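Architecture at a glance
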Amino acid sequence: MHTLIVGATGGIGGAAARAFAARGDRLTLSGRDAGRLSALAAELGADSRTADLGYESHVRALLEETGEIDTLIYAAGAALPGPVQQADPAAVRAVWNANYFGALWVLKHGLGRLTPGGRVYLMGARPELVTARGFSQYAASKAALSRAAEIARLEVRDVGITLVLPPAVDTGLWSQVGRVPRGAISPEVVAAALVQDRDGPPQRELRPEG
């Protein structure tokens, strides 16, 4: 199978890349950090293409160059927390580009390139875990992603769209917040859940647990 992982240089994306490579999939990896992306692709024998998810043109070019795919994993994300009254326009745009608009462009240009029976995995967030001070934009962008996925399911056939809802995951994203929450699971746990789910029937939600 051909698997495209967007956000492959992040914690969950990198773990998913290694897990699907071990499964025997042919991989195309995408991210913004060209150095880390090239190193990961070399390690796994994968193709790699850099893309800035804030630009639809970048995402369209990525999907055109990638071609037909069987599995699409959207693992990009950003938190950049801060109070509503101090919302910084650049930070807000970065959060929405990573969590929502990038995913929207990937769905727009990627759904038609999935083979029958193909699968899409989108990294969401459990509402009860992100309803916290400073997380207005993170929570809102993840809620928007959830609703967009719900509507996309009504609009496409022969493709499974799964919203992945892990608990806190021990990744570099928490460096934007301060510290990793107690009890956070590893990215490898999420990656293993993705591989296991891919071998079964599609479901609307996937909730990895430690």
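Located above this text is the structure these notes cover.
Here goes a summary of the coordinates provided. (Residues numbered from 1 in each chain as written. Predicted model: local features only at pLDDT ≥ 70, side-chain atom pairs only at ≥ 80, totals over all residues. Heavy atoms only, no water.)

1. A short note on the packing of aromatic side chains
Enumeration according to the criterion identifies 5 aromatic pairs in this entry. Taken together, W96, Y100, F101 and W105 form an aromatic cluster joined through their ring pairs. (Phe/Tyr/Trp six-rings, centres within 6.5 Å; stacked < 30°, edge-to-face > 60°.)

2. Concerning the environment of A149
With respect to the helices and strands, A149 occurs in helix α6 (residues 136–155). Taking the C-alpha atoms as reference points, A149 and Y121, separated by 28 residues in sequence, lie 9.8 Å from one another. If we skip the residues at most four places from it in the chain, A149 touches L122 and I161. (Helix = DSSP H or I, 4+ residues; strand = E, 2+ residues; numbered from the N terminus. Contact = heavy atoms within 4.5 Å.)

3. Quick notes on the side chain of D25
Within the element layout of this structure, D25 appears in the loop between α1 (11–23) and β2 (26–31). Side chain to side chain, D25 and R23 meet in a polar contact 2.8 Å long. (Polar contact = N/O pair within 3.5 Å; in protein donor to acceptor, adjacent residues only side chain to side chain.)

4. Thoughts on the layout of surface pockets
Taken as a whole, the second largest pocket holds about 160 Å³ of empty space. Of all the secondary-structure elements, those providing two or more residues to the lining of the second largest pocket are α5 (127–130) and α6. Broken down by element, the lining of the second largest pocket gets its largest block of residues, 4 residues, from α6. Taken together, the residues of the lining of the second largest pocket break down into 7 nonpolar, 2 polar and 3 charged. (1 Å grid on protein atoms, 1.4 Å probe; cavity = no way out; pocket = protein on both sides within 12 Å on 5 of 7 lines; lining within 4 Å. Points joined across faces, edges and corners; volume = space filled by probe spheres on them. Nonpolar A, V, L, I, M, F, W, Y, C, P; charged D, E, K, R; others polar.)

5. Considerations on the sheet that holds strand β7 (residues 205–206)
In space, the 7 strands of this open sheet follow the order β3-β2-β1-β4-β5-β6-β7, with parallel pairing throughout. The open sheet is flanked by β3 (47–50) and β7, the only strands paired with a single partner. Here 6 bridges tie strand β5 (residues 114–123) to strand β6 (residues 159–164), and the two strands are oriented parallel to one another. From the neighbouring strand, R119 faces β6, where its bridge partner is G160. Together, β5 and β6 form the strand contacts of α6, whose direction differs from that of β6 by roughly 160°. (Pairing = 2+ DSSP bridges. Axes fitted to C-alpha atoms, helices over the stretch in contact; angles between N-to-C directions.)

6. Quick look at the packing of α1 against helix α7 (residues 187–198)
Remark: α1 packs on α7, axes separated minimally by 8 Å, with the N-to-C direction vectors making an angle of 45°. The angle between the axes of α1 and α7 places the two elements in the oblique class. As α1 runs across α7, the sense of the crossing is right-handed. Counting all contacts with α1, which are made through G11, I12, A15, A16, A19, F20 and R23, the residues of α7 involved are P187, E188, V190, A191, L194, V195 and R198. Class assignment for the residues of the contact of α1 with α7 results in 10 nonpolar, 1 polar and 3 charged. (Parallel < 35°, antiparallel > 145°, perpendicular 65-115°, else oblique. Left-handed = near helix turned anticlockwise from the far one by under 90°.)

7. Looking at the packing of helix α3 (residues 56–66) against helix α4 (residues 89–110)
At a minimum axis distance of 9 Å, the contact between α3 and α4 shows a crossing angle of 40°. Put simply, α3 runs oblique to α4. The two elements α3 and α4 meet at a crossing, and its hand is right-handed. In this structure, α3 contributes E56, V59, R60 and L63 to the contact, and α4 contributes W105, V106, K108, H109 and G110.

8. Details of the pattern of salt bridges
Opposite charge on two side chains makes pairing possible when the charged atoms of those side chains draw close. The final tally for this structure, using the stated rule, is 10 salt bridges. Its salt-bridge partner being E56, residue K108 comes within 2.7 Å of it at the nearest N-O pair. With a gap of 52 residues between them, K108 in helix α4 and E56 in helix α3 connect regions that are remote in the sequence. Its relative accessible area of 52% is what places K108 among the exposed residues. We classify E56 as partly exposed; its relative accessible area is 22%. (Salt bridge = Lys/Arg side-chain N within 4 Å of Asp/Glu carboxyl O. Buried < 20%, exposed > 50% of the residue type's maximum accessible area, 1.4 Å probe, protein only.)

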